[in-house]
Amino acid sequence: MSRIAYVNGRYLPHSAAAVHIEDRGFQFADAVYEVCEIRDGALVDPTLHFERLERSLRELAIAVPTSRSAMLVVMRRVAALNRVHDGSLYIQVSRGQARRDHVFPSPAVPPTVVMTAKPVARAKGEALAEQGIKVITVPENRWSRVDIKSVSLLPNCLAKQAAKEAGAREAWFVDANGCVTEGGSTNAWIVTRDGVLVTRPAEYGILRGITRTVTLKVAAKLGLKVEERAFSVEEAKHAREAFVTAATTLVMPVVAVDDAPIGNGAPGTTALALRHAFHDSTEMVPVHTAARHLWPRSHAG
Ligand code: PLP
């Protein structure tokens, strides 16, 4: 089955899906994006993703392309056409296509909207979570507006490639004070020896992850103490637990930072408890309402 993408109003096989060579997303990374989890045939937390997408667009003065309800119709259709029961949905909105010039097109052009969806085996993520991941640390070298979810991800790509080459799954950016900002594609957390969850405040130094927001809710429900403050690499290395959060990894235990084992070197119980309770606190919008029987049994759960 060929994968189907949505591009500016059309549903096309990937081989035929394209944006213009003068699209500003391609030319200048003048675009924002969202990645939404799909689980059990449902979109996870679309409202939080809409809120963040609209904020990113507002911060960059890119027009909101369409209403939330119209966007949701496309999201569900892209997920359904690709038969994604568990996986992720990618949305990109660029400022649009215009003759190459750094300044914004005037008059404004319509934004470009692209969506794709891909299945991801849930068992793979669960197996990884049972094992935990290693992270490396790299100097923070991104611009100061990482709170905007822009597609300008070159430092993140370089950091994650460095992690891969070091046998790790994620790279934590470290600021000039020796404190962790966030991962290349995840938010960073520790659990102190006293059992307090610590994660950096979501002001301007990090992206306000949707998974981070929900994890804070889950932590409150579980009666865990949370401090939103910066933590250093040294503090992380002496923590009881560490973990990362993202829509693609969910709550993922970290078992080593720069080869220093965290806690006893195994996934922490707090991280795993948060992971297991996570979807009790999410909004789930089914991709299909009346056609669940279409999913082959092998894709269930
Ligand atoms: N931080 C960065 C830099 C990211 O790229 C991501 C996800 O792509 C996150 C954090 C986690 O965000 P979310 O939980 O919304 O997936």
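Residues numbered from 1 in each chain as written. Predicted model: local features only at pLDDT ≥ 70, side-chain atom pairs only at ≥ 80, totals over all residues. Heavy atoms only, no water.

Some thoughts on the packing of helix α2 (residues 46–59) against helix α3 (residues 68–81)
Next up, step 1: Where α2 contacts α3, the two axes come as close as 11 Å, and the packing angle between them is 120°. The orientation of α2 with respect to α3, classified from their angle, is oblique. Note on packing geometry: the crossing formed by α2 with α3 is right-handed. On α3, the residues touching Pro46, Thr47, Phe50, Glu51, Leu53 and Glu54 of α2 are Arg68, Met71, Leu72 and Met75.
Next up, step 2: Partitioning the contact of α2 with α3 into residue classes produces 6 nonpolar, 1 polar and 3 charged. (Axes fitted to C-alpha atoms, helices over the stretch in contact; angles between N-to-C directions. Helix = DSSP H or I, 4+ residues; strand = E, 2+ residues; numbered from the N terminus. Parallel < 35°, antiparallel > 145°, perpendicular 65-115°, else oblique. Left-handed = near helix turned anticlockwise from the far one by under 90°. Contact = heavy atoms within 4.5 Å. Nonpolar A, V, L, I, M, F, W, Y, C, P; charged D, E, K, R; others polar.)

Section: the domain arrangement of the protein
Next up, step 1: Each assigned domain of the protein is listed with its residue range as follows: domain 1 (4–120 + 284–299) and domain 2 (125–281).
Next up, step 2: On a C-alpha basis, the centres of domain 1 and domain 2 stand 26 Å from each other.
Next up, step 3: If you look at the interface, domain 1 gives 20 residues, while domain 2 gives 18 residues.
Next up, step 4: Between domain 1 and domain 2 lies a buried interface of about 1700 Å² when both sides are counted; carbon and sulfur atoms form 62% of it.
Next up, step 5: Together, Tyr33, Glu37 and Arg52 form the three largest contributors to the area buried by domain 1 at its contact with domain 2, with a combined 33%.
Next up, step 6: Between the two partners, domain 1 and domain 2, sit 2 salt bridges.
Next up, step 7: Between glutamate 59 and arginine 145 there is a salt bridge whose closest N-O contact spans 2.9 Å.
Next up, step 8: At the level of secondary structure, the elements contributing two or more residues to the side of domain 1 that touches domain 2 comprise β3 (31–39), α2 and β5 (87–94).
Next up, step 9: Counting residues per element, the side of domain 1 that touches domain 2 draws most heavily on β3, at 7 residues. (Domains from an automatic or database assignment. Buried area = accessible area lost by both parts, 1.4 Å probe. Salt bridge = Lys/Arg side-chain N within 4 Å of Asp/Glu carboxyl O.)

A word on the pattern of salt bridges
Next up, step 1: The final tally for this structure, using the stated rule, is 18 salt bridges.
Next up, step 2: A salt bridge links glutamate 182 to arginine 142; the shortest N-O distance between them is 2.9 Å. Placement of glutamate 182 in strand β9 (residues 180–183) and of arginine 142 in the loop between β7 (133–139) and α5 (154–165) is noted, with a sequence separation of 40 residues between them. Of the two residues, glutamate 182 and arginine 142, both sit in the buried class.
Next up, step 3: Residue arginine 229 is joined to glutamate 227 by a salt bridge in which the shortest nitrogen-to-oxygen separation is 2.7 Å.
Next up, step 4: Taken together, the shared-partner salt bridges connect Arg55, Glu59, Arg145 and Asp147 into one network. (Buried < 20%, exposed > 50% of the residue type's maximum accessible area, 1.4 Å probe, protein only.)

What about the pairing of strand β10 (residues 187–191)?
Next up, step 1: In terms of burial, β10 is largely enclosed, as 5 of its 5 residues are buried.
Next up, step 2: Neither face of β10 is open: one carries Asn187, Trp189 and Val191, the other Ala188 and Ile190, and all of them are buried.
Next up, step 3: As paired elements, β10 and strand β13 (residues 241–246) share 5 bridges and run antiparallel to each other. Counted as the bridge partner of asparagine 187 is threonine 245 from β13.
Next up, step 4: The hairpin formed by β10 and strand β11 (residues 197–199) contains 5 residues between the paired strands, and glycine 195 there has a positive phi angle of roughly 80°. (Pairing = 2+ DSSP bridges.)

Some details on the environment of serine 2
Next up, step 1: The topology assignment puts serine 2 in the segment before β1 (4–7).
Next up, step 2: Taking C-alpha positions, serine 2 is 40 Å from alanine 266, a pair spaced 264 residues apart along the chain.

Observations regarding the site of the ligand
Next up, step 1: Near the ligand, the surroundings consist of 18 residues, among which Arg52, Glu182, Ile210, Thr211 and Ala247 are the closest.
Next up, step 2: Within the contact set of the ligand, an oxygen atom lies 2.8 Å away from a side-chain nitrogen or oxygen of arginine 52.
Next up, step 3: At 2.6 Å, a side-chain N or O of threonine 211 approaches an oxygen atom of the ligand.
Next up, step 4: Out of a free accessible area of 390 Å², the ligand has 93% covered by protein chains.
Next up, step 5: At the level of elements, β9, α6 (210–221) and β13 are the ones that each hand at least two residues to the shell around the ligand.
Next up, step 6: Taken together, the residues of the shell around the ligand sort by class into 5 nonpolar, 9 polar and 4 charged. (Near = heavy atom within 4 Å. Polar contact = N/O pair within 3.5 Å; in protein donor to acceptor, adjacent residues only side chain to side chain. Areas by Shrake-Rupley, 256 points an atom, 1.4 Å probe, with all protein chains shown as cover.)

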